[in-house]
Amino acid sequence: MPCIFHELTGFYCPGCGGTRAFLALITGHPILSFLYNPAVIYTAGVLLFYAVWGISYAVSARKKETGKLKRPKFYLAFVWVFIAILLINCTVRNLVLYFYGIDLMPGV
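These notes cover the structure that comes with them.

Parameters at a glance
Residues numbered from 1 in each chain as written. Predicted model: local features only at pLDDT ≥ 70, side-chain atom pairs only at ≥ 80, totals over all residues. Heavy atoms only, no water. Helix = DSSP H or I, 4+ residues; strand = E, 2+ residues; numbered from the N terminus. Buried < 20%, exposed > 50% of the residue type's maximum accessible area, 1.4 Å probe, protein only. Contact = heavy atoms within 4.5 Å. Areas by Shrake-Rupley, 256 points an atom, 1.4 Å probe, with all protein chains shown as cover. Patch = residues over 30% accessible without salt bridge, like charges linked within 9 Å, V, L, I, M, F, W, Y side chains within 5 Å. Salt bridge = Lys/Arg side-chain N within 4 Å of Asp/Glu carboxyl O. Phe/Tyr/Trp six-rings, centres within 6.5 Å; stacked < 30°, edge-to-face > 60°. Arc of directions from axis to C-beta. Polar contact = N/O pair within 3.5 Å; in protein donor to acceptor, adjacent residues only side chain to side chain. Disulfide = S-S within 2.5 Å. Expected span 1.5 Å × (residues − 1).

Describing the overall build of the protein
Assigned secondary structure in the protein consists of five helices and zero strands. Of all 108 residues assigned to the protein, the portion counted as buried reaches 26%. Put simply, 46% of the contacts in the protein that link residues at least 6 apart link residues at least 24 apart. Surface accessibility of the protein: about 7,800 Å² in total, with carbon and sulfur atoms responsible for 73%.

Set out below in structure tokens:
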């Protein structure tokens, strides 16, 4: 399914390439995933971080050593970094497309 924003304007939205990036990541192509949309790799890293932290907390809680490891909590900084990655990616792709005519996402 094509991106409606891209179809109407000719420019990329911040989410363009996200589906391709996800598919590349789950098929074992992390570099290609990063090139499609780096926010997907970042999100996968954050989710992995929370998964490891949550499992560590659960294991330590069962051993009654809860004082050594804090319960996983949400960090707003992760969201701001995610937004920054989306905006930088979108801006760079569109500037390169507009000023140099180079399409960094052919086929989208």
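Having seen it, we continue.
Focus on a nonpolar patch on the surface
A cluster of nonpolar residues, Ile88, Val92, Leu95, Tyr98, Phe99, Tyr100, Ile102 and Leu104, forms a patch on the protein surface that exposes about 900 Å² of accessible area. Of note, Ile102 is situated in the segment after helix H5 (76–100).

Details of the packing of aromatic side chains
Overall, the coordinates contain nine aromatic pairs when judged by the stated rule. Aromatic side chains Tyr98 and Phe99 sit 5.0 Å apart centroid to centroid with 85° between the ring planes, which places their arrangement in the edge-to-face category. As far as the burial class goes, Tyr98 and Phe99 line up, both exposed. A network of ring pairs unites the aromatic residues Phe49, Tyr50, Trp53, Tyr75 and Phe78 as a single cluster.

Describing helix H2 (residues 18–26)
The periodicity of an α-helix, 3.6 residues per turn, causes residues three or four places apart in sequence to face the same way. For H2, every residue scored as buried is listed here: Gly18, Ala21 and Ala24. Down the axis of H2, the buried side of the element spans an arc of 125°, and every buried residue falls inside it. Along H2, the residues that are exposed and aim more than 90 degrees away from the buried face are Thr19 and Ile26.

With respect to the side chain of Asn94
Inspection of the secondary structure assignment puts Asn94 in helix H5. When its relative accessible area of 13% is taken as the criterion, Asn94 is described as buried. Polar side-chain contacts of Asn94 include one of 2.7 Å to the backbone nitrogen of Tyr12. Residues contacting Asn94, with those up to four places away along its chain left out, are Phe11 and Tyr12.

Regarding the environment of Asn89
Counting through the fold element by element, Asn89 comes out in helix H5. A C-alpha to C-alpha distance of 9.6 Å links Asn89 and Leu35, two positions 54 residues apart in sequence. The contact partners of Asn89, leaving out residues within four places of it in the chain, are Tyr36, Asn37 and Pro38.

Describing the state of the cysteines
For the structure shown, the criterion picks out zero disulfides. No disulfide involves Cys3; its nearest neighbouring cysteine sulfur is the one of Cys16, lying 3.5 Å away. Of all cysteine sulfurs, the one in Cys13 lies closest to Cys90, which takes part in no disulfide; the gap is 6.8 Å.

Notes on H5
With 25 residues, H5 extends 36 Å between its outermost C-alpha atoms, agreeing within 8% with the 36 Å of an ideal straight helix rising 1.5 Å per residue. Buried residues of H5: Leu86, Asn89, Cys90, Arg93, Asn94, Val96 and Leu97, and no others. Immediately beyond the C-terminal end of H5, within one or two residues, lies Gly101, with a positive phi of roughly 70°.

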